[in-house]
Amino acid sequence: MKKYRLLLITLSAITSATITFSHNSFSQTTGCNYYASPTGTGNGLSQSSPFKISNFWSVAGPGKTLCLLDGTYTANDSMITPPQNLNGISGSPIMVRALSDGKVLINGQGSNQPVHLYRNDWFVIQGLNVCCSRGDVVYISSSSHNIIRRVIGWDASDTNNMIFGLAYGSS
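Colleague: Explain the pattern of salt bridges to me, please; I cannot follow it from the model alone.
Modeller: Side-chain pairs of opposite charge can arise whenever the charged atoms involved come near each other. This structure, assessed with the given rule, holds 2 salt bridges. Its salt-bridge partner being Asp-77, residue Lys-52 comes within 3.7 Å of it at the nearest N-O pair. Highlighted residues: Lys-52 in the loop between β3 (34-36) and β4 (65-68) and Asp-77 in the loop between β5 (71-73) and β6 (94-98), separated in sequence by 25 residues. Residue classification places Lys-52 among the buried residues on the basis of a relative accessible area of 16%. Between Asp-101 and Arg-150 there is a salt bridge; the shortest N-O distance is 2.5 Å. Highlighted residues: Asp-101 in the loop between β6 and β7 (104-107) and Arg-150 in the loop between β12 (146-149) and β13 (152-154), separated in sequence by 49 residues. Both residues of the pair, Asp-101 and Arg-150, count as buried.

Colleague: I tried to follow the environment of Gln-109 on my own but got confused; where do I start?
Modeller: Its location among the elements puts Gln-109 in the loop between β7 and β8 (115-118). On a C-alpha basis, the gap between Gln-109 and Ser-133 in space is 6.4 Å, while along the polypeptide they are 24 residues apart. Residues contacting Gln-109, with those up to four places away along its chain left out, are Thr-74 and Cys-132.

Colleague: Hey, could you run me through the state of the cysteines in this one?
Modeller: By definition, a disulfide links two cysteine residues through a covalent bond between their sulfur atoms. Taken as a whole and judged by the stated rule, the model has 1 disulfide. Note on cysteine connectivity: Cys-32 is disulfide-linked to Cys-67, with sulfurs 2.0 Å apart. Every disulfide takes its handedness from the sign of the S-S torsion; for Cys-32 and Cys-67 that torsion is -85 degrees, giving left-handed. Within this pair, whereas Cys-32 is found in the loop between β2 (17-21) and β3, its partner Cys-67 is found in strand β4, the two being separated by 35 residues in sequence. For Cys-67, a relative accessible area of 0% gives the class buried.

Colleague: Explanation requested: the sheet that holds β8 in the structure shown.
Modeller: Each strand in a sheet pairs with its neighbour through backbone hydrogen bonds, running either in the same direction (parallel) or in the opposite one (antiparallel). Read across the sheet, 3 strands follow the order β8-β11-β14 without closing on themselves; strand pairing throughout is parallel. Looking at the sheet topology across the chains shown, the edges are occupied by β8 and β14 (164-167). For this sheet, the mean inter-axis angle between neighbouring strands, taken without regard to orientation, is 5 degrees. Here β8 pairs with strand β11 (residues 138-141) via 4 bridges, running parallel. Bridge pairing in β11 links Leu-117 to Ile-140.

Colleague: Could you clarify how one ought to interpret unusual backbone geometry in this entry?
Modeller: Outside of glycine, negative phi angles account for most residues, and trans bonds account for most peptide bonds. In this model, Cys-132 sits at a positive phi of 60 degrees, which is unusual for a non-glycine residue. For Cys-132, the position within the fold is in the loop between β10 (129-131) and β11. Not every positive phi belongs to a glycine, and Ser-142 is a case in point at roughly 50 degrees. Relative to the elements of secondary structure, Ser-142 occurs in the loop between β11 and β12.

Calculation notes
- Position numbers for residues start from 1 in each chain and track the written sequence from start to end.
- Residue-level local features of this predicted model are given only where pLDDT is at least 70; pairs of side-chain atoms are given and counted only at 80 or more, and the full residue set underlies all totals for whole chains, interfaces and linings.
- No hydrogens and no water enter the side-chain calculation; it runs on all heavy atoms of the structure.
- By definition, a salt bridge exists where a carboxyl oxygen of Asp or Glu is found within 4 Å of a side-chain nitrogen of Lys or Arg.
- Each helix is a run of DSSP H or I of at least 4 residues and each strand a run of E of at least 2, with the numbering of both proceeding from the N terminus.
- Relative accessible area decides the class of each residue, using a 1.4 Å probe on protein chains only: under 20% of the type maximum gives buried, over 50% gives exposed, and in between gives partly exposed.
- We call two residues in contact whenever any of their non-hydrogen atoms come within 4.5 Å of each other.
- Note on terminology: disulfide denotes any pair of cysteine sulfur atoms within 2.5 Å.
- At least two DSSP bridges between two strands are required for those strands to pair.
- Fitting a line to C-alpha atoms yields each axis, with helices limited to the stretch in contact; the angle taken between N-to-C directions then spans 0 to 180 degrees.

Interpretation in functional terms is not warranted from these geometric data alone.
In structure tokens form, the structure reads like this:
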């Protein structure tokens, strides 16, 4: 079982974001509306028929949760890059989370950005390992009320100066 020290950072001057690493490992299927896997070709409605992460954006909306099955996600359609202006609402965010904390790796392979929220409000990203970006590994811009929880990032393209980047949020 992996252990992480508790680290809570709230960056409300730039954007509403919380970065949390917790002591517990979580694995649960409750609350999943859709499922994705690195090689998904299904309809996303069950663990046995997952689709790709990119297929979630057309069905995502307030209160919807995408659960990622264990594995390494590398293709462009496996990055967490929702279209602009896709938003949850207060009390009903859009959630993308690992089914088993720490068992999902989103690898940008130096050519993709693993997590990029641009003009996306009320998102929760949870339980992922993300690495190897063409820029910041996790980047949130012109967005607010987003939570990044139990996410570990490394290997940004700029010699690791900017693993988690936040810019131009509204209050």
